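Structural features, examined
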Amino acid sequence: MSSFKTFARAGHWPTLAASFLYFDFCFAVWVLNGAMGPFISEAYGLSAAQKGFMVSVPILAGALMRFPLGVLSQYIGRKNAAMVEMSLIIAALLFGFLFVDSYNGVLAMGVLLGIAGASFGVALSLGSGWFPPKYKGLAMGIAGAGNSGTVLAVLFAPPLAMKYGWQTVYGLAAATMLLPLAVMWLAAKEPPDREHQSFREHISCLFEKDGWAFSLIYVVTFGGFIGLASFLPTYFYDQFKVTKVEAGQLTMLATLMGSAVRVLGGWISDRIGGVNTLSGVLLLVAATLTACGFAGTSLASTTLLFMLCFAALGAGNGALFQLVPLRWPLSTAVAGSMIGEVGALGGGFLPNAMGLSKEYLGSYLGGFLAFTVLALLMLGMLRVVQIRWTRTWAEKGGRARPATPGQAESAAPRVTRVSTSRRRA
């Protein structure tokens, strides 16, 4: 308890809490179509491939919107960018409630739901911006645990859709977005770690090998999380013939593990290093996904394996974003948005792979194995690039380097304001 109090005093906890709530509600909105997948599929008689594509559209749209929002946040501030985004989400949800009445309308709504998926980089940077490097991993883990919004979506959307109709859920979700909008306005404060830089400096991470290495690893950790979370209601409903509400409840058990363990992943990475944590995560993801593919006849075994897989994915997300502020201390929001954008694009791979595997091979096994191979490839890449990382900007295993003499940890945001030439050196 005393260590947590020390952590809370090291930054501005109301901003961290507002960031968590903002990300949590945005994430719930982002995966609404996935949570209501069985209802939408039944309404329009969708094929397996159409189901996978329908689920993937919000993921892909959210990925593409992340980087522009991250750049905007550097100019108008992360708090202002978050409030603008939530206002747009409310308008998009009202459109869904009033006008969506066809499969093409669902796809259009999927694009609009992508607005909510853009919140990632802003939420994590805003939440951790007041904290020194020693606590960045934990702060980002707490803000990033807002992906527990998946739990809200799969737990509440199916029974509400059953009672009121799935289109009505969009309208109800619009009303709930007023809560995080009000909390952000009243409680959050813009962190002092933002500099006015040129656009070229903002996007510099796009031209660095490290940025793409981070992004490809995130394709597995976050892409796997969002892709599976969106597709699991459809998978449980089709594979095990459970009810639509039960499919949401089973998905909730798995996604809850990933959301809770994300904080633990950041905390562990602060201590043993993000590289060490990610290495174990990628191995566990590969093993559990393979086992899930071969356990397709046992509901209990499949659910337990998914819970373990999501725990690994959540820890991996926390571990990766323990490393981001160490590598890009002055442009964490933009770097995080770029990494999140490519990583979330990977989330569109898994639902489509699962749908195509089912339609053309007769089972979901091919989709599971394809993502397993991807996880093992990223593990091999990590073991190669970490050699250079630990020689330049991180300690062995991916831990934060100690502050230089005379630098107070509480002043970390000011300490990180070094020139562009020094960062490139």
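The structure presented is a predicted model; accordingly, all values stated were derived computationally and were not measured. (Residues numbered from 1 in each chain as written. Predicted model: local features only at pLDDT ≥ 70, side-chain atom pairs only at ≥ 80, totals over all residues. Heavy atoms only, no water.)

**Digging into the overall build of the protein**
- Along the backbone of the protein there are 22 helices and 0 strands.
- On C-alpha atoms alone, the protein measures out to a radius of gyration of 20 Å, which is about the 22 Å that the 2.2 N^0.38 rule sets for 425 residues.
- Its C-alpha atoms give the protein principal-axis dimensions of about 65 × 45 × 45 Å.
- Within the protein, the fraction of its 425 residues that count as buried is 60%. (Helix = DSSP H or I, 4+ residues; strand = E, 2+ residues; numbered from the N terminus. Rg over C-alpha atoms; globule rule 2.2 N^0.38 Å. Buried < 20%, exposed > 50% of the residue type's maximum accessible area, 1.4 Å probe, protein only.)

**A word on the packing of helix α6 (residues 78-99) against helix α11 (residues 166-176)**
- Contact geometry for α6 and α11: axes closest at 7 Å, N-to-C directions at 155°. Accordingly, the angle class assigned to the pair α6 and α11 is roughly antiparallel. Judged by the sense of rotation from one axis to the other, the crossing of α6 with α11 is left-handed. Mapping the contact onto sequence places Ile-90, Leu-93, Leu-94, Gly-96 and Phe-97 in α6 and Gln-167, Thr-168, Tyr-170, Gly-171, Ala-173 and Ala-174 in α11.
- Partitioned by chemical class, the residues of the contact of α6 with α11 number 7 nonpolar, 4 polar and no charged. (Axes fitted to C-alpha atoms, helices over the stretch in contact; angles between N-to-C directions. Parallel < 35°, antiparallel > 145°, perpendicular 65-115°, else oblique. Left-handed = near helix turned anticlockwise from the far one by under 90°. Contact = heavy atoms within 4.5 Å. Nonpolar A, V, L, I, M, F, W, Y, C, P; charged D, E, K, R; others polar.)

**As for the pattern of salt bridges**
- Taken as a whole and assessed by the stated rule, the structure comprises 7 salt bridges.
- With a closest N to O distance of 2.5 Å, Glu-208 and Arg-327 form a salt bridge. Taken together, the residues span a long stretch of sequence, with Glu-208 in the loop between α13 (199-202) and α14 (209-240) and Arg-327 in helix α17 (residues 299-327) at a distance of 119 residues.
- Owing to a relative accessible area of 22%, Glu-208 belongs among the partly exposed residues under this scheme.
- The residue Glu-395 makes a salt bridge to Arg-401 at a minimum N-O spacing of 3.7 Å.
- For Arg-401, a relative accessible area of 38% translates into the label partly exposed.
- Via salt bridges that share partners, Glu-208, Asp-210, Arg-327 and Arg-388 belong to a single interconnected network. (Salt bridge = Lys/Arg side-chain N within 4 Å of Asp/Glu carboxyl O.)

**Details of the environment of Leu-69**
- Mapped onto the elements of the fold, Leu-69 is located in helix α5 (residues 48-76).
- Between the C-alpha atom of Leu-69 and that of Ala-81, which follows or precedes it by 12 residues, the distance is 7.0 Å.
- Filtering out sequence-adjacent residues up to four positions away, Leu-69 remains in contact with Tyr-22, Ala-81, Glu-85, Ala-118, Ser-119 and Val-122.

**Describing the side chain of Thr-255**
- By secondary structure assignment, the location of Thr-255 is in helix α15 (residues 244-272).
- A polar atom in the side chain of Thr-255 sits 3.3 Å from the backbone oxygen of Met-252. (Polar contact = N/O pair within 3.5 Å; in protein donor to acceptor, adjacent residues only side chain to side chain.)

**A short note on the environment of Gly-141**
- Mapped onto the elements, Gly-141 comes out in helix α9 (residues 136-144).
- Through-space distance from the C-alpha of Gly-141 to that of Leu-124 is 8.2 Å; in sequence the pair is 17 residues apart.

**Describing the confidence of the model for the protein**
- Per-residue pLDDT for the protein averages 88, and the proportion of residues at 70 or more is 91%.
- Below pLDDT 50 for its whole length, residues 406-425 participates in 21 contacts with residues either more than four positions away or in separate chains. (pLDDT = per-residue confidence, 0-100.)

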